[in-house]
Amino acid sequence: MKSAIVLADFYPDIAEGLLESCRLALTEAGMAKPSLVRVPGALEIPFALQTLARSKVDVLVALGCVIRGETRHFDIVSDICARGILRVQLDFNAPIGNGVLTVENKMQALARLDKGGVAAKAALTLAQLKREIPPIA
């Protein structure tokens with residue numbers, strides 16, 4: 001199976017921590033080295049996922065972080081990102097693990113770097129489910 005990670009690196013230290021835990025989980029599951037696509041921020045994740053889903057990647061993981069600020073920007077970005085990930089997942093029947101953190105502050109994000117691995121495991125579970133369920137005629 002081919003796997004790919006879409007990494008929003010707006011917060012580089014958080015992104016790298018999520019990436020490390022994601023890669024570890026994929027390696028432990030016996031996956032070959034995943035392709036890595038870096039995007040500037042969370043809003044760009046769905047487009048990259050859609051492009052990869054069209055190229056028949058078997059397992060996709062979305063990683064990034066949105067931290068609440070003083071404006072509504074947090075709500076808009078986190079909502080658009082989550083809806084975009086879901087849309088790609090359903091439109092392309094693509095197993096996607098969502099490891100995009102939505103947190104109040106950087107301390108919360110740093111405490112959740114393991115969620116990259118959790119997202120990888122979720123994507124692998126969905127890929128297995130996709131293989132096991134026969135198409136309905």
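Residues numbered from 1 in each chain as written. Predicted model: local features only at pLDDT ≥ 70, side-chain atom pairs only at ≥ 80, totals over all residues. Heavy atoms only, no water.

Caption draft 1: Fine view of a nonpolar patch on the surface. A contiguous nonpolar surface patch, about 240 Å² in accessible area, is contributed by L43, I76 and I80. Relative to the assigned elements, I76 resides in helix α3 (residues 73–91). (Patch = residues over 30% accessible without salt bridge, like charges linked within 9 Å, V, L, I, M, F, W, Y side chains within 5 Å. Areas by Shrake-Rupley, 256 points an atom, 1.4 Å probe, with all protein chains shown as cover. Salt bridge = Lys/Arg side-chain N within 4 Å of Asp/Glu carboxyl O. Helix = DSSP H or I, 4+ residues; strand = E, 2+ residues; numbered from the N terminus.)

Caption draft 2: Quick peek at the pattern of salt bridges. Going through the model one piece at a time under the given rule, you end up with seven salt bridges. For the salt bridge of K106 with D13, the shortest nitrogen-to-oxygen distance reads 2.8 Å. Highlighted residues: K106 in helix α4 (residues 106–110) and D13 in helix α1 (residues 12–28), separated in sequence by 93 residues. A residue is classified by how much of its surface remains accessible, and K106, at 39% relative accessible area, is partly exposed. One salt bridge connects D91 with R87, and the closest N-O pair in it is separated by 3.2 Å. Within this pair, D91 and its partner R87 are both found in helix α3, separated by four residues, close to a single helical turn. (Buried < 20%, exposed > 50% of the residue type's maximum accessible area, 1.4 Å probe, protein only.)

Caption draft 3: Broad picture of helix α2 (residues 45–54). Along α2, the positions that sit buried rather than exposed are I45, P46, A48, L49, L52 and A53. Projected down its long axis, α2 carries its buried residues within an arc of 160°, all on one side. Turned more than 90 degrees off the buried face of α2, the exposed positions are F47 and R54. Where α2 is buried, its residues contact β1 (3–8), β2 (35–39), β3 (59–67), α3 and β4 (96–103). Immediately beyond the C-terminal end of α2, within one or two residues, lies K56, with a positive phi of roughly 65°. (Arc of directions from axis to C-beta. Contact = heavy atoms within 4.5 Å.)

Caption draft 4: Examining α3 more closely. Its 19 residues give α3 an end-to-end C-alpha distance of 26 Å, which sits within 8% of 27 Å, the value for a rise of 1.5 Å per residue. For α3, the elements touching its buried residues are α2, β3, β4 and α5 (115–132). Remark: N93 follows α3 within two positions and exhibits a positive phi of approximately 50°. (Expected span 1.5 Å × (residues − 1).)

Caption draft 5: A look at the sheet that holds β4. Strands sit in the order β2-β1-β3-β4 across an open sheet of four strands; the sheet is parallel. Whereas interior strands pair on both sides, the edge strands pair on one side only; in this sheet they are β2 and β4. Within the sheet, the average angular offset between the axes of one strand and its neighbour, ignoring direction, is 10°. Relative to β1, α1 is tilted by about 165°, and along the sheet it contacts β1, β2, β3 and β4. Packed onto the sheet, α3 meets β3 and β4 and runs at close to 175° relative to β4. (Pairing = 2+ DSSP bridges. Axes fitted to C-alpha atoms, helices over the stretch in contact; angles between N-to-C directions.)

Caption draft 6: Quick peek at the pairing of β1. Buried residues dominate β1, accounting for six of its six residues. Residues S3, I5 and L7 line one face of β1 and the alternating positions A4, V6 and A8 line the opposite face, and both faces are buried. Of the strand pairs in this sheet, β1 and β3 are connected by five bridges, and their pairing is parallel. Bridge pairing in β3 places S3 opposite V59. Summarising the sheet, β1 and β2 pair through five bridges and their orientation is parallel. Opposite V6, over in β2, you have V37 as the bridge partner.

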